[in-house]
Amino acid sequence: MITTGQIIRCKAAVAWEAGKPLVMEEVEVAPPQKHEVRIKILFTSLCHTDVYFWEAKGQTPLFPRIFGHEAGGIVESVGEGVTDLAPGDHVLPIFTGECGDCPHCHSEESNMCDLLRINTERGGMIHDGESRFSIDGKPIYHFVGTSTFSEYTVIHSGQVAKINPDAPLDKVCIVSCGLSTGLGATLNVAKPKKGQSVAIFGLGAVGLAAAEGARIAGASRIIGVDLNSKRFDEAKKFGVTEFVNPKDHDKPVQQVIAEMTDGGVDRSVECTGSVQAMIQAFECVHDGWGVAVLVGVPSKDDAFKTHPMNFLNERTLKGTFFGNYKPKTDIPGVVEQYMNKELEIEKFITHTVPFSEINKAFDYMLKGEGNRCIIRMGA
């Protein structure tokens, strides 16, 4: 391609300050360096993690920055040492990675790569610490190594999953974060058997993906737990069969669920980040075989407290990161689940906006309207 090795000038939505609307700018995107690829982003989506770090309320602000990490695109060029990707490949950028060399990557039980595990504080590339984005010679910081709110971006090759070129990128782009996180929490970690009962705590995007996993697994009862009763109707599309709003009861929700299920659910998946919900999700599973899986990220000072007898009575508590999927190895298979009509993706997508109106996506999320908003690049 004629752009190989050249600086590319393109549009990017730049966050100049915390909580302020993104500004459409012309940025310069440098060529990929060692173990990097440059990708033309065709579709991207807004995730709550983008909003959290854009608001910068709980962490050290790093601006100006290009956010975005749920996306789909096509490889434009590759840097030195990249052998598994080539120009023209259809890919999903991933906020975490798989170097292939560390103990975690060699383990069948882990996806927490030592080199490429998510790092929200790093604003440059691993190779040299420098940004590949600039405006008038001044660097613009990266976000979680992806920065997909740009028509072109540079990403470490270990954070890029090559997928079936027939898969529609405007749909499967959401596989690269929230959908896989919830889906994998159920299918890979909770592992409900056909006919078992599953409780899902939190019916946001990740919780609905967890419910979708329970549906695929053949759960007989999927109990949704949420403080917002407006979410219940939408959740039915994802297989949720019953609903519990803790505010409607004068007893602990784990007791409510135990009474509904003759002693507790077989599996539970917590997708809120509330430590109280985490405790409830663990204590609502059946003794002897119940498994609870924690997905939500708690506040740094939270403490999980439960009586040790809950463990001695053979309840199991697990945690998960990105649904236990290895980005390069496993994510192409999730796309194939969609292509084989085993996984339903369209129902997660509630809005679509052109790139020029990306701030509308932030408005939808801040108002709690809908699920995923797809942003069409070049529009």
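Residues numbered from 1 in each chain as written. Predicted model: local features only at pLDDT ≥ 70, side-chain atom pairs only at ≥ 80, totals over all residues. Heavy atoms only, no water.

The protein is annotated in an unreviewed UniProt entry as alcohol dehydrogenase of Arabis blepharophylla. Under the Subcellular location (unreviewed entry) heading, UniProt states for the protein: "Cytoplasm". Turning to the protein, the UniProt annotation filed under Cofactor (unreviewed entry) states: "Zn(2+)". (UniProt positions renumbered as here; feature names shortened; annotations may be inferred.)

Visitor: Lay out the side chain of Thr181 in plain terms, naming residues and giving numbers.
Guide: Note that Thr181 resides in helix H4 (residues 178-190). When its relative accessible area of 12% is taken as the criterion, Thr181 is described as buried. If we skip the residues at most four places from it in the chain, Thr181 touches Val206, Val295, Phe322 and Gly323. (Helix = DSSP H or I, 4+ residues; strand = E, 2+ residues; numbered from the N terminus. Buried < 20%, exposed > 50% of the residue type's maximum accessible area, 1.4 Å probe, protein only. Contact = heavy atoms within 4.5 Å.)

Visitor: Let's hear about unusual backbone geometry: which residues, and what values?
Guide: Apart from glycine, the bulk of residues carry a negative phi angle, and the bulk of peptide bonds sit in the trans form. Each neighbour pair has its own omega, and for Phe63 with Pro64 the value is -5°, a cis peptide bond. Within the secondary structure, Pro64 is located in the loop between helix H1 (48-55) and strand S4 (70-78). A positive phi is found at Ser147, a non-glycine position, where the angle reads about 45°. Among the structural elements, Ser147 can be located in the loop between strand S7 (138-140) and strand S8 (152-156). Take Ser147: its relative accessible area is 0%, and that puts it in the buried class. Unusually for a residue other than glycine, Lys341 sits at a positive phi of about 65°. By the secondary structure assignment, Lys341 is in the loop between helix H10 (327-339) and strand S16 (349-354). For Lys341, a relative accessible area of 73% gives the class exposed.

Visitor: Any chance you could break down the domain arrangement of the protein for me, citing the residues and the numbers?
Guide: Domain boundaries in the protein define domain 1 (8-174 + 345-376) and domain 2 (181-320). The centre of domain 1, based on its C-alpha atoms, is set 30 Å off from the matching centre of domain 2. Summed over both partners, the interface of domain 1 with domain 2 comes to about 530 Å²; 61% of that surface belongs to carbon and sulfur atoms. At the surface where domain 1 touches domain 2, the tally comes to one salt bridge. There are two residue pairs in polar contact (both at pLDDT 80 or more) connecting domain 1 and domain 2. (Domains from an automatic or database assignment. Buried area = accessible area lost by both parts, 1.4 Å probe. Salt bridge = Lys/Arg side-chain N within 4 Å of Asp/Glu carboxyl O. Polar contact = N/O pair within 3.5 Å; in protein donor to acceptor, adjacent residues only side chain to side chain.)

Visitor: So, H4: which residues are in play, and what are the values?
Guide: An ideal rise of 1.5 Å per residue puts 18 Å on 13 residues; H4 measures up with 17 Å between its terminal C-alpha atoms. At Gly184, H4 shows its largest kink, close to 35°. Of all the 13 residues making up H4, 11 are buried; the element is thus mostly covered by neighbouring parts of the structure. Inspection of H4 places Gly178, Leu179, Ser180, Thr181, Gly182, Leu183, Gly184, Ala185, Thr186, Val189 and Ala190 among the buried residues, and these make up the whole buried set. Backbone geometry just downstream of H4 places Lys191 in the positive-phi region, at approximately 50°. (Expected span 1.5 Å × (residues − 1). Bend = angle between axes of the 7 residues up to and from the residue.)

Visitor: Can you break down helix H8 (residues 275-283) residue by residue, with the values?
Guide: Counted residue by residue, H8 has seven buried out of nine residues, so it is predominantly covered. Those residues of H8 lying buried are Val275, Ala277, Met278, Ile279, Gln280, Ala281 and Phe282. Where H8 is buried, its residues touch strand S10 (197-201), helix H7 (253-260), strand S13 (267-270), strand S14 (291-294), helix H9 (309-312) and strand S15 (316-319).

Visitor: I'd like a description of the sheet that holds strand S12 (residues 242-244), backed by residues and values.
Guide: Judged by pairing direction, the sheet is parallel, and its six strands sit side by side in the order S12-S11-S10-S13-S14-S15 without closing on themselves. Strands at the two margins of the open sheet, each flanked by one partner only, are S12 and S15. Each neighbouring strand pair of the sheet contributes to a mean axis angle of 20°, computed without reference to strand direction. Pairing analysis gives three bridges linking strand S11 (residues 221-225) to S12, with the strands arranged parallel. What sits directly across from Val225, in S12, is Val244. (Pairing = 2+ DSSP bridges. Axes fitted to C-alpha atoms, helices over the stretch in contact; angles between N-to-C directions.)

Visitor: Summarise the packing of H1 against helix H11 (residues 358-366); cite the residues concerned and give the values.
Guide: Packing of H1 against H11 brings their axes to within 11 Å, and their N-to-C directions diverge by 95°. On the basis of the axis angle, H1 is roughly perpendicular to H11. Every residue of H11 that contacts H1 at His48, Val51, Trp54 and Glu55 is listed here: Phe362, Met365 and Leu366. Counted by class, the contact of H1 with H11 contains five nonpolar, one polar and one charged residues. (Parallel < 35°, antiparallel > 145°, perpendicular 65-115°, else oblique. Nonpolar A, V, L, I, M, F, W, Y, C, P; charged D, E, K, R; others polar.)

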